[in-house]
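Commentary on secondary and tertiary structure
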Amino acid sequence: MGDVLAGFHAAWEFESDSVLIRYERGIRTPKLFQALGERRVPLEAIAGVTLTPGRRGTVVLRVEPRAGADPLIEAAAGQLKESGDPYRLVLPAERETLAEYYADELRALLGESGAAGPADRYLVAAPDAPLHFKAYDGKASFDGKAVSFRWSWTGASSAKWKAGDQSFPVADLGGVEWRSPEVFEGYLRLVPRDVGAVAVAPQADQDPASVVFGLGYGPVHESLPFAAAVLAAVRERGAGASVPVPVPAPRRDPADIAERIRHLGELHQQGLVTDEEFSSKKAELLAEL
């Protein structure tokens, strides 16, 4: 088709076999979009198209990615906020008729392509390596072949210091578990290959295969593309494995619990955690002693 439909934070170019999404770099554009730059979404990666009313005089055109087609969405596992969904195009309400036209055109093309059901491979490209970000307890880097964790003096637990800096070849990995930094105790955990359906999952701050997030550490626009790139590399090697279902972890070291409570107190003082959340989480941590 070759036509372009511009929204508030992105412009979609409709082609005969794909949709090319180019994200703006403006101050109000979500940082994740700016980090992604642009993404080509093949029609075979799209399960459907919707057009719905948005907020404050807008409409939202959205394509629904097929399950398993996009490593970014697979890594996010439903944790992205609506405003951070890279498959939404927000437009002024007066452009609804034009948006409906393109939605109908896409539906017609999708009907011809016959794409349905989960994809057996990633169809949308992952962010390119090398990638890196700073977590609360260390620095994570990925060069396309291995993931490395280098612990920080101030944030890493004694368990991680004892284990030393870590390097994980992609060939030894089965997946990645990402918990958004926008919730308390977010983390990125590397899942080893050939792990059983049920495995002991240590607390992320005690696990040398994990880095934990904190205020300003491991933001979505840095840690999520990182997780997606690792997932894509693992899938490419045919080493994918299901993330194990965790069972209760062993009790923590008292010094590490004290550090977590101190960090929780900082979030509380800055107004990022409510009084109720602070009291509840502090009680949970103390119960682990």
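Details of the structure are given in the entry above.
Described below are features of the structure shown in this document. Model, not experiment: these values are computed from the prediction.

1. What about the sheet that holds strand E9 (residues 138-142)?
- The antiparallel open sheet is built from four strands, whose spatial order is E8-E9-E10-E11. Each edge of the sheet is formed by a strand with only one pairing partner; in this case those strands are strand E8 (131-134) and strand E11 (166-169). Averaged over all pairs of adjacent strands, the angle between their axes in this sheet comes to 10°, without regard to strand direction.
- Of the strand pairs in this sheet, E9 and strand E10 (residues 146-151) are connected by five bridges, and their pairing is antiparallel. Within E10, the residue paired with Phe 142 across the bridge is Val 147.
- Most of the contacts of helix H5 (residues 220-236) go to E8, to which it runs at about 140°, and overall it touches E8, E9 and E10.

2. Concerning the nonpolar core
- Of all hydrophobic cores here, the largest spans 67 residues; its most connected members are Trp 12, Leu 61, Phe 149, Leu 188, Leu 190, Phe 226 and Val 230.
- The element best represented in this core is H5, accounting for eleven residues.
- Excluding residues that lie within four positions of it along the chain, Leu 61 makes contacts with Leu 5, Trp 12, Phe 14, Val 49, Thr 50, Leu 51, Tyr 87, Arg 88, Leu 89, Leu 91, Ala 99 and Ala 103.

3. Concerning the sheet that holds strand E1 (residues 3-6)
- The antiparallel open sheet is built from four strands, whose spatial order is E1-E2-E3-E4. Pairing within the sheet leaves two strands with one partner each, and these edge strands are E1 and strand E4 (38-42). Strand-to-strand twist across the sheet, computed as the mean angle between neighbouring axes with direction ignored, equals 20°.
- Here five bridges tie strand E3 (residues 18-23) to E4, and the two strands are oriented antiparallel to one another. When the sheet's bridge partners are listed, Val 19 is paired in E4 with Val 41.

4. Observations regarding the pairing of strand E2 (residues 10-14)
- Across the five residues that make up E2, a large majority, four, are buried.
- Pairing analysis gives four bridges linking E1 to E2, with the strands arranged antiparallel. Looking at the pairing, Leu 5 lines up with Trp 12 of E2.
- Hairpin connection of E1 to E2: three residues between the antiparallel strands.
- Relative to E3, E2 runs antiparallel, the two sharing five bridges.

5. Thoughts on the environment of Pro 65
- With respect to the secondary-structure elements, Pro 65 resides in strand E6 (residues 58-65).
- Here the alpha-carbon distance between Pro 65 and Pro 118, two residues 53 residues apart in the chain, equals 9.6 Å.

6. Description of the pattern of salt bridges
- Throughout the structure, instances matching the rule amount to 15 salt bridges.
- One salt bridge connects Asp 104 with Arg 107, and the closest N-O pair in it is separated by 2.8 Å. Linking Asp 104 with Arg 107, this pair stays in helix H3 (residues 96-113), spanning three residues, or about one helical turn.
- Classification of Arg 107 by relative accessible area gives partly exposed; the value is 33%.
- Here Arg 189 ties to Asp 207 by a salt bridge, and the two come within 2.7 Å at their closest N and O atoms. Separated by 18 residues along the polypeptide, Arg 189 in strand E13 (residues 187-192) and Asp 207 in the loop between strand E14 (198-200) and strand E15 (210-212) bring together distant segments of the chain.
- Since its relative accessible area comes to 11%, Arg 189 is described here as buried.
- What emerges from the salt-bridge pattern is a single network uniting Glu 13, Arg 22 and Glu 38.

7. A few points about the pairing of strand E5 (residues 46-53)
- Two elements, E5 and E6, share seven bridges in a ladder whose sense is antiparallel. Note on E6: the bridge partner recorded for Thr 50 is Arg 62.

8. Re unusual backbone geometry
- The amide bond that connects Ala 129 to the next residue, Pro 130, takes the cis arrangement and shows omega of 5°.
- One can find Pro 130 in the loop between H3 and E8.
- Of note in the backbone geometry, Arg 56 takes a positive phi value of approximately 50° without being a glycine.
- Residue placement: Arg 56 occurs in the loop between E5 and E6.
- Residue class for Arg 56 comes out exposed when judged on its relative accessible area of 86%.
- Positive phi values are uncommon outside glycine, yet Ala 77 reaches one of about 50°.
- Here Ala 77 shows up in the loop between helix H2 (71-76) and strand E7 (88-92).

9. A look at H5
- The end-to-end C-alpha separation of H5 is 24 Å, in line with the 24 Å expected for 17 residues at 1.5 Å each.
- Most of H5 sits inside the fold, with 13 of its 17 residues counted as buried.
- Count one or two residues on from H5 and you reach Gly 238, which has phi positive near 70°.

Cut-offs applied
Residues numbered from 1 in each chain as written. Predicted model: local features only at pLDDT ≥ 70, side-chain atom pairs only at ≥ 80, totals over all residues. Heavy atoms only, no water. Pairing = 2+ DSSP bridges. Helix = DSSP H or I, 4+ residues; strand = E, 2+ residues; numbered from the N terminus. Axes fitted to C-alpha atoms, helices over the stretch in contact; angles between N-to-C directions. Contact = heavy atoms within 4.5 Å. Core = buried A, V, L, I, M, F, W, Y, C linked by side-chain atoms within 4.5 Å. Buried < 20%, exposed > 50% of the residue type's maximum accessible area, 1.4 Å probe, protein only. Salt bridge = Lys/Arg side-chain N within 4 Å of Asp/Glu carboxyl O. Expected span 1.5 Å × (residues − 1).

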